[in-house]
Amino acid sequence: MDTQEKKNDFTEGSIAAVILRMAAPMTVAQLVSVLYSIVDRMYLGHLEGMGTMALTGLGIGMPLIVIINAFANLCGMGGAPLCSIDRGAGRIAEAEKLMANSLTLLLAFGVALTAVTQIFLRPLLYAFGASDQTYGYAAEYMRFYCVGCIPVMLGLGMHSFINAQGFAKMSMLTTIFGAAVNIVLDPIFIFALGLGIRGAALASVLAQTASAVWVMRFLCSRRAVLTLRRADMAPDIKLCGRILAMGASTFVMNCTASLIQIVANVQLRLYGGDLYVGVMTVVNSIEQVFFLVMNGLNQGAQPVMGYNYGAHRHDRLRQGMHFMWKTWVGYATAVTVIILVFPRPFALMFSSDEELVTLAAHSIRLFFCTFMFMGLQSVSQCLFQSFGRSGKAIFFSLLRKAIIVVPLTVLLPRWGFGVDGVFLANAVSCVLGGTACFVTMYFTEYRRLEKC
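This one's a predicted model, so the numbers in the text were calculated from it and none came from an experiment. (Residues numbered from 1 in each chain as written. Predicted model: local features only at pLDDT ≥ 70, side-chain atom pairs only at ≥ 80, totals over all residues. Heavy atoms only, no water.)

(A) Spotlight on the nonpolar core. Ranked by size, the top nonpolar core spans 99 residues in total, and within it Leu 125, Met 158 and Phe 423 carry the most contacts. The element that contributes the greatest number of residues to this core is helix H4 (residues 51–88), accounting for 14 residues. In this view, Leu 125 contacts Ile 60, Gly 61, Ala 130, Tyr 135, Ala 138, Ala 139 and Met 142; residues no more than four positions away in its chain are not counted. Membership of the second largest hydrophobic core comes to 36 residues, among which are Phe 323, Met 324, Cys 382 and Ala 425. (Core = buried A, V, L, I, M, F, W, Y, C linked by side-chain atoms within 4.5 Å. Buried < 20%, exposed > 50% of the residue type's maximum accessible area, 1.4 Å probe, protein only. Helix = DSSP H or I, 4+ residues; strand = E, 2+ residues; numbered from the N terminus. Contact = heavy atoms within 4.5 Å.)

Structure (structure tokens):
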């Protein structure tokens, strides 16, 4: 075992310390990564004379952005856990071929999505809740953003393989670099050059392109434990199938999140009008910030747990699970308290329109009142993926988002809750979905490890 491999051996030392060492920079990276889209919304929401409509238009396009990210995560989060398991078992050549085949899939999906979005953008946006008043704002942003599907997907998808090899700090720097480019370019393109909404989209694409170049250079260099080689990119049907099967749970989570946004946009426009679509954009943006912290914790823990699973270190797996339960749920509970007490300052970050801010503050409380249960859902999903239980991860992703949230988003407004019902649907799903996911993980995975 060479020096770098020893450094990234996750079977040594306190597993809680190893998870924190990996998760801390990944959490910072996740918080920074949200700036790619959050900064756009903040700038556009404060545009004089058109901020609210611009924010609403961007909210209509968000489901399409989520779908693009879903395909990136299908390949990245599908291949990275398998690489962690193979690396833990000492199968380095197989891990490198998995990584290269993930890149091949990303390129194929990127080309297909670029074509589809350019051809069918108008009907897609109307299906996502656009009106004649908001379509122009949504189309102006998405037309430019979707041109950059390939670099956006490469930057996001291949980034997972830096973390899977144990380079948490490099992963963090990669994300910070891309976000910094976006932060610098946004005001230049939006205000200085007068490009407005188009400028925000162009800044995001250029930032993602810069990040993609950074990621690919590192993975092709000798600094990486697993090196990306062109010869390994030849499609292997078996490997591609494994990647897609493992990434299916994350893909389903992303796609169902997009479905929820679409259904919510349509219901909000029906019961409250275009302004409430802008309110949901604010609420989703805040959720994205808080959830990405848990996503950063998951990305830090997953390679550690996957490595120890591949190495058959069941004692360390149990210790890691105890630590994750306490940390994830503690964080989610703290978020719940903060957001219920101080909702208005979060709304003001995205708009200075008093009507929108007042409605958003009320809606934020409804949406986040049971967020602590997302800690149970998040940690259980992470463990299912770490242990290669993609079927269970997919099921519980579908249970909370597709089976619970979508029907409630349609039914609660009809049952007398009106617009509030759209936001309460998320609260109910957190309780039901989070509890079911945790109980299943405990009795099927943790109890099994206890007997080993």
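The structure having been displayed, the exposition proceeds.
(B) Molecular detail of helix H9 (residues 168–192). End to end, H9 covers 36 Å across 25 residues, agreeing with the expected 36 Å (1.5 Å per residue, within 8%). Leu 185 marks where H9 bends most, by close to 30°; the proline Pro 187 follows one to four residues later. (Expected span 1.5 Å × (residues − 1). Bend = angle between axes of the 7 residues up to and from the residue.)

(C) Spotlight on the environment of Ala 164. Looking at where Ala 164 falls in the secondary structure, it is placed in helix H8 (residues 159–164). When the C-alpha positions of Ala 164 and Tyr 307 are compared, they lie 9.4 Å apart, and in sequence the two are 143 residues distant. Look past the residues within four positions of Ala 164 in its chain and what remains in contact with it is Ala 80, Ser 84, Arg 87 and Pro 303.

(D) Structural context of the pattern of salt bridges. Evaluation of the coordinates by the stated rule reveals 11 salt bridges. Note that Arg 229 is salt-bridged to Glu 96, the shortest N-O span being 2.6 Å. Here Arg 229, found in the loop between helix H10 (196–219) and helix H11 (237–271), pairs with Glu 96, found in helix H5 (residues 92–127); they are 133 residues apart in sequence, far enough to count as distant. By relative accessible area, Arg 229 is classed as partly exposed at 40%. Judged by its relative accessible area of 10%, Glu 96 is buried. (Salt bridge = Lys/Arg side-chain N within 4 Å of Asp/Glu carboxyl O.)

(E) Layout of the packing of helix H16 (residues 373–386) against helix H18 (residues 420–450). The interhelical angle for the contact between H16 and H18, taken along N-to-C directions, is 40°, at an axis separation of 8 Å. In terms of axis orientation, H16 runs oblique to H18. Crossing hand, H16 versus H18: left-handed. Of the residues in H18, those touching H16 at Phe 373, Met 374, Leu 376, Gln 377, Ser 380, Gln 381, Leu 383 and Phe 384 are Cys 430, Val 431, Gly 433, Gly 434, Thr 435, Cys 437, Phe 438, Thr 440, Met 441, Thr 444 and Glu 445. For the contact of H16 with H18, the class distribution of residues is 10 nonpolar, eight polar and one charged. (Axes fitted to C-alpha atoms, helices over the stretch in contact; angles between N-to-C directions. Parallel < 35°, antiparallel > 145°, perpendicular 65-115°, else oblique. Left-handed = near helix turned anticlockwise from the far one by under 90°. Nonpolar A, V, L, I, M, F, W, Y, C, P; charged D, E, K, R; others polar.)

(F) Seen up close, the side chain of Thr 256. The residue Thr 256 is located in helix H11 in this model. The contacts of Thr 256, once residues within four sequence positions are left out, are Ser 397, Leu 398, Lys 401 and Ala 402.

(G) Quick peek at the packing of aromatic side chains. This structure, assessed with the given rule, holds 21 aromatic pairs. Between Phe 167 and Phe 218 the ring centres are 5.2 Å apart and the planes differ by 75°, which places this aromatic pair in the edge-to-face class. Taken together, the positions of Phe 167 in the loop between H8 and H9 and Phe 218 in helix H10 put the pair 51 residues apart, joining distant regions of the chain. On the basis of relative accessibility, which here comes to 13%, the residue Phe 167 falls in the buried class. A relative accessible area of 2% means that Phe 218 is categorised as buried. Aromatic side chains Phe 384 and Phe 396 sit 6.0 Å apart centroid to centroid with 5° between the ring planes, which places their arrangement in the stacked category. Placement of the pair is Phe 384 in helix H16 and Phe 396 in helix H17 (residues 390–417), with a sequence separation of 12 residues. With respect to class, Phe 384 is no different from Phe 396; both count as buried. (Phe/Tyr/Trp six-rings, centres within 6.5 Å; stacked < 30°, edge-to-face > 60°.)

(H) Layout of empty space enclosed by the protein. Applying the stated rule across the entire model yields four cavities of 30 Å³ or more. The volume enclosed by the second largest cavity comes to roughly 50 Å³. As for the second largest cavity, its lining consists of Met 77, Ala 80, Ser 160, Asn 163, Ala 164, Gln 299, Gln 302 and Pro 303. Partitioned by chemical class, the residues of the lining of the second largest cavity number four nonpolar, four polar and no charged. (1 Å grid on protein atoms, 1.4 Å probe; cavity = no way out; pocket = protein on both sides within 12 Å on 5 of 7 lines; lining within 4 Å. Points joined across faces, edges and corners; volume = space filled by probe spheres on them.)

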